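Listed below, chain by chain, are the residues.
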Amino acid sequence: MTGKISILVLLSLVAICNCIKVTYDSRSFIIDGQRKLFISGSIHYPRSTPQMWPDLIKKAKAGGLNTIETYVFWNAHEPQRRQYNFTGNLDLMRFLKTVRDEGLYIILRIGPYVCAEWNFGGFPVWLHNMDGVKFRTANAVFMNEMQNFTTLIVDMAKKEKLFARQGGPIIISQIENEFGNVEDPYCSFSKVA
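Please read these numbers as outputs of a predicted model, since none were measured by experiment.

At a minimum axis distance of 10 Å, the contact between helix α2 (residues 53-62) and helix α4 (residues 92-101) shows a crossing angle of 40°. With respect to each other, α2 and α4 are oriented oblique. Of the two possible hands of crossing, α2 and α4 adopt the one that is right-handed. On the side of α2, the interface is formed by Trp53, Pro54 and Ile57, while α4 contributes Arg94, Phe95, Thr98 and Val99. Across the contact of α2 with α4, the residue classes tally to 5 nonpolar, 1 polar and 1 charged.

What follows covers the sheet that holds strand β1 (residues 22-24). The strand order across the open sheet formed by 3 strands is β1-β2-β3, and the pairing between neighbours is antiparallel. Either end of the sheet is taken by a strand with one partner, and the two such strands are β1 and β3 (34-36). Between one strand and the next, the sheet's axes are offset by a mean angle of 40°, whatever the strand orientation. Relative to β3, strand β2 (residues 29-31) runs antiparallel, the two sharing 3 bridges. Residue pairing in the sheet places Ile30 in a bridge with Arg35 of β3.

The strand order β4-β5-β6-β7 describes an open sheet built from 4 strands, whose pairing is parallel. At either end of the open sheet lies a strand with only one pairing partner, and these are β4 (40-42) and β7 (170-175). Across the sheet, the mean angle separating the axes of adjacent strands is 20° when strand polarity is ignored. Summarising the sheet, β4 and strand β5 (residues 67-71) pair through 3 bridges and their orientation is parallel. Bridge pairing links Ser40 to Thr67 in β5.

This part is about unusual backbone geometry. In the segment running from Gly111 into Pro112, the intervening peptide bond is cis, with an omega of 15°. Examined against the element boundaries, Pro112 turns out to sit in the loop between β6 (105-111) and α5 (125-128). Although it is not a glycine, Phe120 sits at a positive phi angle of roughly 55°. Relative to the elements of secondary structure, Phe120 occurs in the loop between β6 and α5. One non-glycine residue, Lys161, adopts positive backbone phi at about 55°. Of note, Lys161 is situated in the loop between α6 (140-159) and β7.

Below, the discussion takes up the pairing of β6. In terms of burial, β6 is largely enclosed, as 7 of its 7 residues are buried. Here β5 runs beside β6; their pairing, made up of 5 bridges, is parallel. Residue Tyr71 lies in a different strand from β6, and its bridge partner there is Arg109. Two elements, β6 and β7, share 5 bridges in a ladder whose sense is parallel.

Turning to the packing of aromatic side chains, a few remarks are in order. A full pass over the atoms with the stated rule returns 17 aromatic pairs. With centroids separated by 5.6 Å and ring planes inclined at 75°, the aromatic side chains of Phe38 and Tyr105 adopt a geometry described as edge-to-face. Within this pair, whereas Phe38 is found in the loop between β3 and β4, its partner Tyr105 is found in strand β6, the two being separated by 67 residues in sequence. Judged by its relative accessible area of 17%, Tyr105 is buried. Geometrically, the ring pair formed by Tyr71 and Phe73 is edge-to-face, given 6.1 Å between the ring centres and 70° between the ring planes. Here the two residues Tyr71 and Phe73 agree in accessibility, since each one is buried. Three or more aromatic residues joined by ring pairs make a cluster, and in this case those are Trp74, Tyr113, Phe120, Phe123, Trp126, Phe135, Phe142 and Phe149.

What counts and what doesn't
- Residues numbered from 1 in each chain as written.
- Predicted model: local features only at pLDDT ≥ 70, side-chain atom pairs only at ≥ 80, totals over all residues.
- Heavy atoms only, no water.
- Axes fitted to C-alpha atoms, helices over the stretch in contact; angles between N-to-C directions.
- Helix = DSSP H or I, 4+ residues; strand = E, 2+ residues; numbered from the N terminus.
- Parallel < 35°, antiparallel > 145°, perpendicular 65-115°, else oblique.
- Left-handed = near helix turned anticlockwise from the far one by under 90°.
- Contact = heavy atoms within 4.5 Å.
- Nonpolar A, V, L, I, M, F, W, Y, C, P; charged D, E, K, R; others polar.
- Pairing = 2+ DSSP bridges.
- Buried < 20%, exposed > 50% of the residue type's maximum accessible area, 1.4 Å probe, protein only.
- Phe/Tyr/Trp six-rings, centres within 6.5 Å; stacked < 30°, edge-to-face > 60°.

Laid out in C-alpha cells, this is it:
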C-alpha cells in the first residue's frame with residue numbers, strides 16, 4: 001500500500017510541476033534544454049474583440065509565428081484609480097489563454113509605459129494628476145502606483161498558471177518600454193564610466 005501511495009504522490013507532483021524551463025546564453029533563448037528562435041508578432045487585444053482573437057491567433061500561427069507579444073494597457077484597465085476593467089476586449093486573461101490554447105508562446109509587456117501609438121503611452125490620466133508624481137523615474141508616487149498595477153497583472157497571470165515556470169506560455173515578461181530615450185535625463189541611478 002505504501003508503494004502505491006508513493007507512486008500516486010510522485011505522479012501528482014509531476015502533474016503539478018509541469019514547468020517550462022526558460023534560460024538563455026549569448027546565442028539564444030533555451031526552452032527545456034533546446035535552443036529556440038522566437039518568431040513573434042504583436043496582437044494588441046484591446047484593438048479587436050474577443051470573438052476575433054482565435055482567428056487572429058490562428059492566422060498568426062499559420063503565418064509562421066510561434067510567439068505572440070502584447071502590451072498591457074494600464075489606462076484601459078485602470079481608468080479610475082483602483083477601479084479596474086478586465087471585461088470584453090480588455091479581458092487580458094482570456095486573451096492569454098486563447099494564445100495558450102493555440103500552442104504559442106507569449107511575451108507579456110506589462111508596461112507601465114507602452115507607447116504603441118496608444119493615448120498617453122498607456123498611463124492613466126489620473127496618475128498625471130497625483131501630487132508630486134514624476135513619470136518613469138524613481139519617484140515614490142510613481143513607483144507605488146506602478147508597483148500596484150504591475151503586481152496586480154503578475155498576480156492575475158500567476159493565479160491562472162500562465163507563467164512558464166507554472167507550465168504556462170508566458171516565457172518573457174517585460175517591465176518598462178523604450179526607456180533608453182529618457183534614461184539619462186530622468187534616472188537617479190549612478191553610472192560607472
